[in-house]
Amino acid sequence: MSVNTVTEVFEEHRPVLTGVAYRMLGRVADAEDVVQEAWLRWSGVDHETVREPRGYLVRITTRLAIDRLRQAQTRKEAYVGQWLPEPYVTDFGTAVGTVRETVAPDGAERAELADTVSLAVLVVLESLSPVERAVFVLREAFGYPFADIAATLDRSEAAVRQLAGRARRHVEERRPRYDVDPAVRRDLTERFLAASAEGDLDGLLALLAPDARLVGDSGGRTKAPLRVLHTADKIARFIAAVTPDGIADASFRFLEVNGGPAVLMLSGGKPDTVLQLDVADGRVQCVYLIRNPEKLAALPLGPD
């Protein structure tokens, strides 16, 4: 296999490898590091002995991600405030920023794959063991056969089936219910943003479900609630109190983040906040505010 062919084969599978690594780790930078390490291993292997390059590369990437996930546990335990995944810009087939997610762009398949990369699901995946998380990602997000997952993890197929069942039940029990219709979420996001900018307490209360939550992630580097805010009243009062002055000189971009519409707020031309809403029954169920500068640095700043 020539050098050019080796590179072409790897680049062909890079989007899948990045998708696996990100779902495992929840950080774009960590995912890219893992994929780079997979490239180094791929470039040094005897390619004539590799029958299925995609399977080989996914196996390497998954194992590297498991190792990185175990190492990251201590870092997350010391994290200041709430932890949310790093925003992952998805455009389902279109390159955006430094990351590309390539999936079928239509209907049920798009909704299913978007769900496996949503902020809500990735937060739940944090409570799985690294191996359970790997099984869930490979099975639920990418549809890998149990036999292939077993070979990847050096486990029996029976053991993998048990892990998959346990992980799926765990996620289903804890995953919030929300609508994946992007048009509905975009409409509510625009209305929520307008009410926030005006400090319209009644307008915010009309959009929020009574038992809504707000999760803010600043990493202790900027202002955001260190604990989850519960109930529409507390969230609306918080947003109405802090947002109008905070966005007086801001500009906004709509992005597709983690499979759904989101707003990137820019302050002084730099990323300041990513806002995304989980929606169900026409009301906002959860507000995500990602403000940790490290998690926003790689986001694209092009026109909306």
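For the structure given in this document, a descriptive report is provided here.

Rules and cut-offs
Residues numbered from 1 in each chain as written. Predicted model: local features only at pLDDT ≥ 70, side-chain atom pairs only at ≥ 80, totals over all residues. Heavy atoms only, no water. Helix = DSSP H or I, 4+ residues; strand = E, 2+ residues; numbered from the N terminus. Buried < 20%, exposed > 50% of the residue type's maximum accessible area, 1.4 Å probe, protein only. Contact = heavy atoms within 4.5 Å. Areas by Shrake-Rupley, 256 points an atom, 1.4 Å probe, with all protein chains shown as cover. Expected span 1.5 Å × (residues − 1). Phe/Tyr/Trp six-rings, centres within 6.5 Å; stacked < 30°, edge-to-face > 60°. Axes fitted to C-alpha atoms, helices over the stretch in contact; angles between N-to-C directions. Parallel < 35°, antiparallel > 145°, perpendicular 65-115°, else oblique. Nonpolar A, V, L, I, M, F, W, Y, C, P; charged D, E, K, R; others polar. Pairing = 2+ DSSP bridges. Salt bridge = Lys/Arg side-chain N within 4 Å of Asp/Glu carboxyl O.

Section: the overall build of the protein
Link 1 in the chain: Scanning the protein from N- to C-terminus turns up 12 helices and six strands.
Link 2 in the chain: Counting over 304 residues, the protein shows a buried share of 50%.
Link 3 in the chain: When contacts within the protein are restricted to residue pairs at least 6 apart in sequence, long-range pairs at least 24 apart make up 67% of them.
Link 4 in the chain: Carbon and sulfur atoms form 49% of the exposed surface of the protein, whose accessible area is close to 14200 Å².

Section: helix H6 (residues 130–141)
Link 1 in the chain: End to end, H6 covers 16 Å across 12 residues, agreeing with the expected 16 Å (1.5 Å per residue, within 8%).
Link 2 in the chain: The buried fraction of H6 amounts to nine of the 12 residues, a majority that puts the element mostly inside the structure.
Link 3 in the chain: Burial in H6 covers these residues: Val131, Glu132, Arg133, Ala134, Val135, Phe136, Val137, Leu138 and Ala141.
Link 4 in the chain: Directly after H6, the chain includes Gly143, whose backbone phi takes a positive value near 65°.

Let's talk about the packing of aromatic side chains
Link 1 in the chain: Tallying each qualifying case throughout the model produces three aromatic pairs.
Link 2 in the chain: Ring plane angle 65° and centroid distance 5.2 Å describe the contact between Phe10 and Trp39, whose orientation is recorded as edge-to-face. In this pair, Phe10 sits in helix H1 (residues 3–25) while Trp39 sits in helix H2 (residues 28–44), placing the two residues 29 residues apart along the sequence.
Link 3 in the chain: For Phe10, a relative accessible area of 0% corresponds to the buried category.
Link 4 in the chain: Under the relative-accessibility criterion, Trp39 is labelled partly exposed at 22%.
Link 5 in the chain: Note on Tyr22 and Tyr88: the rings are 4.1 Å apart at their centroids and 25° apart in plane angle, and the pair reads as stacked.

Focus: the packing of H6 against helix H8 (residues 157–174)
Two measures define how a pair of helices packs: the angle their axes make with one another and the distance between the axes.
Link 1 in the chain: The contact between H6 and H8 brings their axes to 9 Å, and the two run at 85°. In terms of their interaxial angle, H6 and H8 are classed as roughly perpendicular. For the pair formed by H6 and H8, the contact residues are Val131, Glu132, Val135, Phe136, Arg139 and Glu140 on the first element and Val160, Leu163, Ala164, Arg166, Ala167, Arg168 and Val171 on the second.
Link 2 in the chain: Looking at the contact of H6 with H8 residue by residue, the class counts come to eight nonpolar, no polar and five charged.

Side note on the side chain of Arg27
Link 1 in the chain: When you line up the elements, Arg27 lands in the loop between H1 and H2.
Link 2 in the chain: Residues in contact with Arg27, not counting those within four places in the same chain, are Tyr22, Arg75 and Glu86.

Let's talk about the pairing of strand E6 (residues 283–290)
Link 1 in the chain: Most of E6 sits out of view: six of its eight residues are buried.
Link 2 in the chain: Of the strand pairs in this sheet, strand E1 (residues 208–217) and E6 are connected by six bridges, and their pairing is parallel. By the bridge assignment, Gly216 is partnered in E6 with Leu289.
Link 3 in the chain: In the sheet, strand E5 (residues 270–280) pairs with E6 via seven bridges, with the strands oriented antiparallel. The residue bridging Leu277 from the neighbouring strand is Val287, located in E6.

Regarding the pattern of salt bridges
Link 1 in the chain: The tally for this structure, following the rule as stated, stands at 19 salt bridges.
Link 2 in the chain: In this structure, Arg161 and Glu157 form a salt bridge, with 3.2 Å as the shortest nitrogen-oxygen distance. Here Arg161 and its partner Glu157 are both found in helix H8, four residues apart, which amounts to about one turn of the helix.
Link 3 in the chain: The class for Arg161 is partly exposed, based on a relative accessible area of 45%.

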